[in-house]
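Architecture at a glance
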Amino acid sequence: MTAPDDLVFHMHRVQAAERDLHDLGMLWQMIESSASISCPNDVGAILPTLVRTRERFNDLQQRLIEQMVTEQRASLGEDLSATAQCAVDTLVRNLYERTADVGFLATDDVVRQFCHGTAEAQQADRASMVQRLREYQSKYTVYDDVILLSPAGAVLARLDEHSSLEISTDPLVKDALAASTYVERFGPSDLGRNDASALLYAHRINSPDGRSAGVLVLRFRFEDEMRRIFNGDDGLVPQEIALVLLDKAGRVIATSDQGHIPNDVVLPPIASEQVSRTYFAGREYLAVNCASHGYQGYSGPAWRAQAMVSLLTAFRTRDDGAPPADNIPLDSPELIAIDAEAQAINRELRQAVWNGRLMTSTQNGDQARLKAVLTQVNTAGTRTRSRVETAIKDLYSTAISRMRIQAGQLARLATDLMDRNLYERANDCRWWALSPALQRMLATPDDPATTPALNGLLDQVNDLYTVYSRLIAFDMQGIVRGVSRAEGSADLVGSTVDGRWLGSVRALRGSQNYAVSPFEATSAHEHGPTYVFLSIVKDGSDNNRPLGGLAIVFHAAREFRTMLNDILGERAGFAAFFDTSGTVLAATGDAAIESAAVDPKAGIAVLEHAGAHYACARVRAGGYREFKKGDGYDNGVHAVVALRLGSNERRQTALSDKQIISGPLRDRAQALEAAVFQVGSMRCALPVSALMEAISQKGLVRTPNADGVTLGLLEAKSAQGPQLVRVMCARRLFNIPYPARSTDGIVLILRSPNRPGMPALGLRVDDVLAVVEFDRDDLQETPLGLKSFAPWVAGMLRREMSTAEGNEPVLVQWLDVDWFTSQGPTDTTEARTLDKPLLLAEVQEARAAPVTQLQ
């Protein structure tokens with residue numbers, strides 16, 4: 001694959017992000033240098049954080065760019081792979097049915113008798129034989145010619161009236177006579193239209209005594225089928241992609257764009273199933289080459305589909321088309337790691353600025369320079385956070401867009417597979433109704449002695465076509481005359497079929513008509529609801545005389561589930577078929593997921609279900625060829641494919657993303673400073689003068705007597721050296737009912753009211769937000785109702801916060817510092833430094849105790 005650095009030149013969004021992030025990196029260097037020069041002593045406390053921020057930001061920048069390239073490349077690769085794989089697998093599934101067709105038609109009694117007959121008999125019966133072949137082709141419309149040949153290659157009968165060929169010299173004839181199964185051949189042939197290349201299926205025809213009587217050849221509508229695959233109702237091939245079918249030599253045998261990549265050209269070989277660089281006609285392409293996965297043991301011809309896109313336009317739509325990510329988390333370890341690193345950098349920087357603001361407010365002397373540096377750091381941090389979040393959103397958007405497109409492609413493939421499968425079922429029931437043996441047996445009076453022969457005939461067909469659970473023949477009174485797989489269901493013979501079946505058959509007028517039951521359970525099928533395809537059986541000598549009906553019972557549960565499992569593969573998610581009434585025909589998931597699949601919203605969207613997000617696509621099955629398009633039938637089925645994106649997050653937007661605005665002060669002499677922090681969904685504040693610093697909760701140990709809102713002990717700085725302080729949990733105190741996020745948790749160290757250089761208490765909160773100045777008049781009294789059950793609340797502070805939509809009002813709870821400090825140690829002997837033996841023993845005991853999950 002092309003090196004990432006090379007691809008960046010074709011990715012405009014990645015280039016823009018790389019440029020912006022580089023500029024921000026330079027800004028951090030400037031702030032670090034200017035701070036070191038202007039106030040080296042004052043900035044000493046936060047300078048290590050600035051250095052770490054710059055270094056971590058540089059590393060993050062590199063990871064972001066590499067991941068953006070990876071995601072765009074993966075998006076392109078999946079588009080190309082899905083296009084190529086879908087095309088070749090759809091074709092091979094179709095051709096699998098052809099291998100069954102040619103073998104079954106070669107055993108047709110009428111065909112065998114005709115080929116075994118004398119030349120005179122063949123001449124006399126040729127017109128009726130051609131009419132029978134035309135009946136076959138009118139149902140199996142994937143063929144444009146059906147040919148019967150003698151063992152010497154003489155044309156005995158065929159549908160192509162424009163052909164003057166009398167004797168074929170195609171080696172296919174000899175190969176078919178020598179084979180015990182079908183022969184599949186593609187290439188120039190005198191059996192093709194105007195001797196052009198043709199896809200032919202041939203099978204030996206045996207006489208009743210087992211000798212070769214001739215060869216049956218079915219000519220597949222290859223060009224027509226490839227046009228349908230390339231340019232179906234929903235358009236498999238995007239406009240910017242060229243899709244070609246290659247033979248073993250790499251020669252193009254079908255193309256979605258003759259003007260772009262014509263037939264018969266030979267393309268250079270590329271690696272299989274991975275994005276590769278290739279060249280054609282002086283242009284540079286990115287391409288994916290895929291072989292078929294095969295179907296039920298059939299791998300098809302040795303063909304491969306190749307999807308190609310010009311390198312000049314490969315990423316153009318990916319630069320313009322990614323929708324906003326909308327904060328949807330993804331099950332991507334790399335994206336999660338990048339997001340976590342960005343948040344960690346932001347938290348560390350926010351903590352450093354927060355502590356710096358505390359320091360400027362509590363230390364004596366001119367702190368104007370440090371405040372200026374902190375303002376610069378805060379502004380740079382905001383810009384950095386915003387641009388990194390944009391880049392991360394871009395990553396998520398690309399990934400989600402990729403999953404949405406993939407879900408849509410898979411849903412379209414699911415409907416295509418269903419329609420193509422049921423197309424064959426509609427053909428089978430009509431063709432089998434023309435069996436002379438079946439007609440003869442239904443023409444005779446009902447006699448139990450004839451039942452074994454009719455059952456045997458139906459068994460013979462059912463054994464070849466295992467997609468059916470049972471075949472049922474009944475007369476015009478609805479009495480069942482014979483069934484396949486009668487063992488264990490002998491009571492079906494002689495019973496009466498569903499009255500709706502009989503009514504549907506009686507309403508059919510000709511051999512081209514068929515009927516389908518509703519999707520429902522039936523006593524003729526032990527595997528749940530299904531479709532039953534119905535056709536009318538008429539007298540072979542008197543086409544106006546109806547004899548009865550043929551019902552073929554489709555094994556829907558097995559076949560539909562197999563389709564959906566093949567579609568979904570190893571992907572996390574679910575897939576389902578359902579009809580307009582909301583009935584689920586089949587699904588890969590459980591009942592809860594099935595109900596979620598029946599979503600009234602059509603198209604492609606993000607679905608939230610059972611604690612996770614899914615890229616969900618719903619596509620209506622529109623039919624195949626004349627099936628459901630011109631025959632009057634429509635089962636109203638939709639396919640839903642939902643690919644898992646990731647688990648839901650309880651809180652989508654962090655409060656730190658919305659900055660609190662200080663605003664102009666009316667009386668600076670009377671102004672107060674508030675240190676604002678977050679607990680759950682609440683913003684709370686304490687006076688800056690009451691706080692020493694915010695420190696990491698790392699090192700917090702649970703003491704044996706810790707309970708309730710007390711978490712344990714944590715080491716903090718003091719005027720007398722390191723000291724252990726008791727830590728309370730604000731979440732427990734405030735009765736926050738839901739757990740904290742894994743990234744939440746920082747401890748505020750409150751000053752002792754009597755000894756300002758000593759810590760009184762640690763208060764664990766979720767995050768620090770800002771240090772703001774406000775007028776005393778902005779502080780309002782606590783409502784009486786709140787004060788009665790929250791004595792720690794001393795008032796309410798009204799501020800404004802900045803959001804993407806503009807400024808919004810926000811309410812901050814002003815906490816009572818006296819209440820909190822009263823919860824700390826009141827005896828000065830309890831404030832012990834770490835060098836006291838008694839305290840060391842307590843620490844050792846605490847650290848030996850198990851650490852519990854903190855709420």
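Residues numbered from 1 in each chain as written. Predicted model: local features only at pLDDT ≥ 70, side-chain atom pairs only at ≥ 80, totals over all residues. Heavy atoms only, no water.

Looking only at helices and strands, the protein has 19 helices and 32 strands in total. Out of the 855 residues in the protein, the part that is buried amounts to 53%. Within the protein, contacts between residues at least 6 apart in sequence are counted, and of these 64% link residues at least 24 apart. Carbon and sulfur atoms form 50% of the exposed surface of the protein, whose accessible area is close to 37,600 Å². (Helix = DSSP H or I, 4+ residues; strand = E, 2+ residues; numbered from the N terminus. Buried < 20%, exposed > 50% of the residue type's maximum accessible area, 1.4 Å probe, protein only. Contact = heavy atoms within 4.5 Å. Areas by Shrake-Rupley, 256 points an atom, 1.4 Å probe, with all protein chains shown as cover.)

Moving on to the nonpolar core. Judged by nonpolar contacts, the single largest core of 151 residues is most densely connected at Leu148, Trp432, Tyr531, Phe560 and Phe577. Beyond its immediate sequence surroundings of up to four residues, Trp432 is in contact with Phe104, Leu438, Val461, Tyr465, Tyr468, Leu471, Leu550 and Ile552. (Core = buried A, V, L, I, M, F, W, Y, C linked by side-chain atoms within 4.5 Å.)

Let us now look at the pattern of salt bridges. Taken as a whole and assessed by the stated rule, the structure comprises 44 salt bridges. Between Asp144 and Arg219 there is a salt bridge, with its nearest N and O atoms 2.9 Å apart. One end of the pair, Asp144, is in strand β1 (residues 143-149); the other, Arg219, is in strand β5 (residues 212-220), and 75 residues separate them in sequence. One network of salt bridges, in which partners are shared, links Asp224, Glu225, Arg227, Arg228, Asp416, Arg420 and Arg625. (Salt bridge = Lys/Arg side-chain N within 4 Å of Asp/Glu carboxyl O.)

Further remarks concern the sheet that holds β1. Spatial strand order, β2-β1-β5-β4-β3: 5 strands in an open sheet with antiparallel pairing. Two strands lie at the open edges of the sheet, namely β2 (155-158) and β3 (183-188), each paired on one side alone. The average angle at which neighbouring strand axes cross in this sheet is 25 degrees, direction not considered. Sheet topology places β1 next to β5; 6 bridges connect them, and they run antiparallel. Looking at the pairing, Ile147 lines up with Val217 of β5. Sheet contacts for helix α5 (residues 119-139): β1, β2 and β5; angle to β1, the most-contacted strand, approximately 150 degrees. (Pairing = 2+ DSSP bridges. Axes fitted to C-alpha atoms, helices over the stretch in contact; angles between N-to-C directions.)

The next thing to look at is the packing of aromatic side chains. A full pass over the atoms with the stated rule returns 24 aromatic pairs. Ring plane angle 20 degrees and centroid distance 6.3 Å describe the contact between Tyr136 and Tyr143, whose orientation is recorded as stacked. The burial state of Tyr136 is the same as that of Tyr143; both residues are buried. For the pair Trp432 and Tyr465, a centre-to-centre distance of 5.0 Å together with 70 degrees between the ring planes defines the contact as edge-to-face. With Trp432 in helix α10 (residues 368-432) and Tyr465 in the loop between α12 (451-464) and β11 (468-475), the pair connects residues that are 33 residues apart, well separated along the chain. Trp432 sits in the buried class, given a relative accessible area of 5%. Chaining the aromatic ring pairs together yields one cluster made of Phe519, Tyr531, Phe554, Phe560 and Phe577. (Phe/Tyr/Trp six-rings, centres within 6.5 Å; stacked < 30°, edge-to-face > 60°.)

A word on the pairing of strand β4 (residues 197-206). When you tally the buried positions in β4, you get 7 out of 10 residues, the bulk of the element. In terms of strand pairing, β3 meets β4 through 6 bridges, oriented antiparallel. Each residue of the ladder has a partner; that of Phe186, found in β4, is Leu199. Relative to β5, β4 runs antiparallel, the two being bridged by 8 bridges. In the strand pairing of β5, Ile205 is matched with Gly214. If you look at the hairpin formed by β4 and β5, you'll find 5 residues sitting between the two strands, and Gly210 has a positive phi there, around 95 degrees.

Burial analysis of strand β19 (residues 612-620) places 8 of its 9 residues in the buried class, the great majority of the element. As paired elements, strand β18 (residues 603-609) and β19 share 7 bridges and run antiparallel to each other. Opposite His609, over in β19, you have Ala612 as the bridge partner. Linking two consecutive strands that pair antiparallel, namely β18 and β19, is a turn of 2 residues; a positive phi of about 50 degrees is found at Ala610 within it.

For the rest of this paragraph, the subject is the side chain of Arg470. With respect to the helices and strands, Arg470 occurs in strand β11. Classification of Arg470 as buried rests on a relative accessible area of 4%. A polar side-chain atom of Arg470 sits 3.2 Å from the main-chain carbonyl oxygen of Ser484. A polar atom in the side chain of Arg470 sits 2.7 Å from the backbone oxygen of Ala524. Filtering out sequence-adjacent residues up to four positions away, Arg470 remains in contact with Asn462, Val483, Ser484, Arg485, Ser489, Leu492, Ala524, Glu526, Ala551, Ile552 and Val553. (Polar contact = N/O pair within 3.5 Å; in protein donor to acceptor, adjacent residues only side chain to side chain.)

A word on the environment of Leu645. Examined against the element boundaries, Leu645 turns out to sit in strand β20 (residues 638-647). A relative accessible area of 2% means that Leu645 is categorised as buried. Taking C-alpha positions, Leu645 is 7.8 Å from Met403, a pair spaced 242 residues apart along the chain. In this structure Leu645 touches Ile328, Pro329, Leu330, Asp331, Ile400, Met403, Val606, His613, Tyr614 and Ala615, once residues within four positions along its chain are discounted.

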